[in-house]
Amino acid sequence: MRRRGEKVDAECYVRAIGSCVKPRNAAVAKTLQKWMREDGVPLRAEACRRLAALHARKNDDLEMMELVKTMREERVGLEPTVATRACTLLGRKHRWIDGLHIMEWMEKDDAVMDLRAYNAAVDACARAGRLDACLMLLLRLREAGLKPDKYTYTGVFHAAAKARCPEIALESLQQLKENELPDVHAYTALVEACGTAEDGRMAQEVWEEMKVAGVEPNSRTYACMIQACSTRANVLQAVRYFREWKDNLMMEDPELKKGPKSRLWLGKSSNYVVSAFVGVLGKRQALQALQDLVTTLKEEKLVLDIVAYNHIMEVYSRCGDWKACISLLDTIETYRQTPDSLTFETLVKSCLKAGEVDSALLMEKRMKKHGIQPSKKLYNWITQALCREGRCTHAMQLYKVMMAQDWVEYRTFHDIIKALAKGGFPYKAEEVICMLRSKGMVLEPVSYALLIESFGKIGLFKEALRIFDGISDVGCQPDIASYAAIIRACGYARDAWKARSFFEDMQSKGLKPNTFTWNAMLTACSRSNEYRMAANLYKEFETCSTPHTKPNFWTYNLMINIYGKGGRLEEARALLHLMENQGLPFDAATFNALMNAYVVHGRPEEAKNLFEMMSRRDIAPTAPTRTIMERADRMLE
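What this report covers is the structure whose coordinates are included nearby.

Conventions adopted
- Residues numbered from 1 in each chain as written.
- Predicted model: local features only at pLDDT ≥ 70, side-chain atom pairs only at ≥ 80, totals over all residues.
- Heavy atoms only, no water.
- 1 Å grid on protein atoms, 1.4 Å probe; cavity = no way out; pocket = protein on both sides within 12 Å on 5 of 7 lines; lining within 4 Å.
- Points joined across faces, edges and corners; volume = space filled by probe spheres on them.
- Helix = DSSP H or I, 4+ residues; strand = E, 2+ residues; numbered from the N terminus.
- Nonpolar A, V, L, I, M, F, W, Y, C, P; charged D, E, K, R; others polar.
- Disulfide = S-S within 2.5 Å.
- Buried < 20%, exposed > 50% of the residue type's maximum accessible area, 1.4 Å probe, protein only.
- Core = buried A, V, L, I, M, F, W, Y, C linked by side-chain atoms within 4.5 Å.
- Contact = heavy atoms within 4.5 Å.
- Axes fitted to C-alpha atoms, helices over the stretch in contact; angles between N-to-C directions.
- Parallel < 35°, antiparallel > 145°, perpendicular 65-115°, else oblique.
- Left-handed = near helix turned anticlockwise from the far one by under 90°.
- Phe/Tyr/Trp six-rings, centres within 6.5 Å; stacked < 30°, edge-to-face > 60°.
- Salt bridge = Lys/Arg side-chain N within 4 Å of Asp/Glu carboxyl O.

Here we take up the layout of surface pockets. If you add up the space inside the largest pocket, you get close to 470 Å³. What lines the largest pocket is a set of 17 residues, among which Asn519, Thr523, Trp554, Asn557 and Leu558 lie closest to the centre. Elements supplying a minimum of two residues to the lining of the largest pocket: helix H27 (480-492), helix H29 (515-527), helix H31 (553-565) and helix H33 (588-600). No other element matches the six residues that H29 contributes to the lining of the largest pocket. Counted by class, the lining of the largest pocket contains seven nonpolar, seven polar and three charged residues.

For the structure on display, the rule yields zero disulfides. Of all cysteine sulfurs in the structure, the one in cysteine 125 sits closest to cysteine 87, which takes part in no disulfide; the separation is 8.4 Å. Judged by its relative accessible area of 0%, cysteine 87 is buried.

Right, let's get into the nonpolar core. Ranked by size, the top nonpolar core spans 112 residues in total, and within it Ile452, Ile486 and Phe591 carry the most contacts. Filtering out sequence-adjacent residues up to four positions away, phenylalanine 591 remains in contact with Leu576, Phe586, Leu610, Met613, Met614, Arg617 and Ile619. In terms of nonpolar packing, the next biggest core, distinct from the first, is built from 84 residues, Cys20, Ala121, Ala160 and Val215 among them.

Interhelical geometry of helix H34 (residues 604-616) versus helix H35 (residues 623-636) gives an angle of 140 degrees and a closest axis separation of 9 Å. One way to sum up the angle between H34 and H35 is to call them oblique. Pair H34 / H35 crosses with left-handed handedness. Note on element contacts: H35 touches H34 through Thr625, Met629, Ala632, Asp633, Met635 and Leu636, opposite Pro604, Glu605, Ala607, Lys608, Phe611 and Met614.

What follows covers the packing of aromatic side chains. What the rule picks out here adds up to six aromatic pairs. Relative to tyrosine 222, the ring of tryptophan 207 lies with its centre 5.2 Å away and its plane at 65 degrees, an arrangement referred to as edge-to-face. On the criterion of sequence distance, the pair formed by tryptophan 207 in helix H12 (residues 201-212) and tyrosine 222 in helix H13 (residues 219-232) is long-range, its members being 15 residues apart. Like tyrosine 222, tryptophan 207 is buried.

Along the chain, serine 359 falls in helix H20 (residues 357-369). Looking at serine 359, the relative accessible area reads 13%, which means it is buried. Not counting residues within four places of it along the chain, the set of residues in contact with serine 359 comprises Trp322 and Cys351.

Counted by the stated rule, this structure contains 22 salt bridges. Across the pair arginine 116 and aspartate 114 runs a salt bridge whose closest N-O atoms are separated by 3.0 Å. With its nearest N and O atoms 3.9 Å apart, the salt bridge here joins aspartate 183 to lysine 150. Of the two residues, aspartate 183 is situated in the loop between helix H10 (166-179) and helix H11 (184-194) and lysine 150 in helix H9 (residues 150-163); the sequence distance between them amounts to 33 residues. The exposure class of aspartate 183 is buried, given its relative accessible area of 16%.

Keep in mind these values describe shape, not function.
Written out as structure tokens, the structure reads:
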């Protein structure tokens with residue numbers, strides 16, 4: 001018609017826009033609006049109603065607000081139907097403030113006020129938990145000469161539940177009773193609101209009142225009552241409501257007993273009840289009650305959806321029963337349900353918490369069989385667990401998968417580097433570091449410290465020195481951990497003077513040594529038989545010690561060993577008494593070092609006295625202890 005130059009009237013445009021509603025063709029509707037403006041055809045209320053229906057179907061809140069503003073600009077007058085649809089859609093999008101603006105515009109424009117529009121605005125505010133806005137709308141509704149109904153008060157009850165204000169919900173109930181009797185939805189919202197009270201009695205009173213009024217509870221009502229029991233963690237009461245709900249369900253629909261052929265157990269509504277019940281059991285960690293629930297489901301062949309099964313599995317996981325989690329997965333697969341990523345994440349987390357890394361790896365394989373790609377988080381958990389167990393080969397396999405997906409996370413790869421370094425594979429650890437650097441990641445010096453110590457431990461001091469010298473070339477400076485690592489590497493190479501030079505270099509750069517670094521330096525002296533240097537360092541350590549940096553158990557053990565090797569037996573014995581005065585623990589190594597020194601220097605009687613002291617302290621002798629005592633006995637013979 002437009003191509004032929006014919007005039008298109010408003011009625012034709014309204015019908016054309018109406019034809020776009022069912023197929024949800026928003027683009028064509030927008031084009032029709034544009035042509036209406038070009039042809040000078042005024043926007044009519046009927047066209048606005050159809051456009052509002054289209055935007056509601058498309059769930060397009062932006063276009064809906066644009067339509068409302070256009071209606072105001074062209075003085076069409078806000079239709080109650082349009083306002084109702086707009087407030088309902090905005091409520092779903094959590095844009096409750098825009099719903100309030102629409103009601104204000106209706107009042108300013110003297111539009112026809114409609115109870116449904118107010119109810120939609122109240123519901124939008126209730127979804128956001130804005131009880132103050134709901135009460136304000138209730139007041140405006142009365143000022144407009146309208147009478148609030150049960151749907152209005154249901155929104156107020158929902159808002160009171162989210163705001164945890166059960167007293168206001170009960171006051172609103174009395175106002176509702178003056179106009180009409182509440183229905184099951186109103187009572188359900190009221191039970192939810194009263195369930196937030198600490199003692200839970202208010203919810204029980206509303207429940208009894210509902211029964212007296214002859215209103216039958218639905219699944220959501222039972223779920224809210226069970227949820228109210230969780231406030232007090234009252235498992236027995238929750239079990240009673242759960243059984244009552246299940247018995248009523250069976251009476252209403254005996255076909256449900258026929259099993260998992262094609263039906264879910266009441267669909268979504270059953271999950272409200274089961275999830276609430278599982279929440280109560282989880283709060284009390286009532287594992288036996290939960291197992292009874294799962295057994296009942298199996299016996300009566302009742303099937304839940306995956307959301308409820310995930311809730312049950314989460315409680316099993318929190319209680320530490322990883323085998324029950326795997327058994328539940330088998331049940332899910334038996335009933336031909338499709339587990340989701342959350343199901344497998346809970347399973348893997350449960351297995352890893354119990355230290356069952358192999359089971360976690362099997363769950364990862366089963367996850368792939370279901371066509372679900374493991375997430376970055378799941379791979380991180382498994383890789384870190386493998387690293388903690390020192391299983392470098394498996395960790396490297398997962399590392400390659402993560403690198404292929406470009407999942408670079410410092411903490412996980414630091415654990416891989418640590419596992420490889422401690423497992424005696426420093427070159428592989430260096431390969432991982434180089435790969436991470438090629439991805440643009442700047443590693444912290446602690447990763448290089450692990451590599452330095454690993455090279456030093458297997459006798460490759462030159463390699464350790466190469467890594468230490470290269471730290472500054474990769475954009476970071478050596479820290480205390482790096483210096484402690486190179487000092488320990490010098491100790492493995494039995495070069496205390498080289499360690500001393502690094503120690504002094506660290507201090508010259510303003511880094512204050514901690515207890516760990518002092519102990520590394522003393523260890524290097526002990527391995528290099530530099531007893532005089534160790535004694536001087538120990539005195540220096542005592543002089544500059546602070547509450548946070550002071551000699552500890554390992555320091556005294558080292559010095560007892562060093563004094564014993566150097567023949568300074570009285571000083572070594574004095575350190576033993578000093579440890580006792582400071583309340584530090586003893587172990588077999590402490591006594592072994594001193595007993596060996598007494599035997600080496602021809603004082604087996606003192607060694608026997610120390611052995612008796614060791615027995616009095618209930619310290620179990622080790623193989624070196626027995627060897628030392630055999631030598632002492634031979635000397636005494």
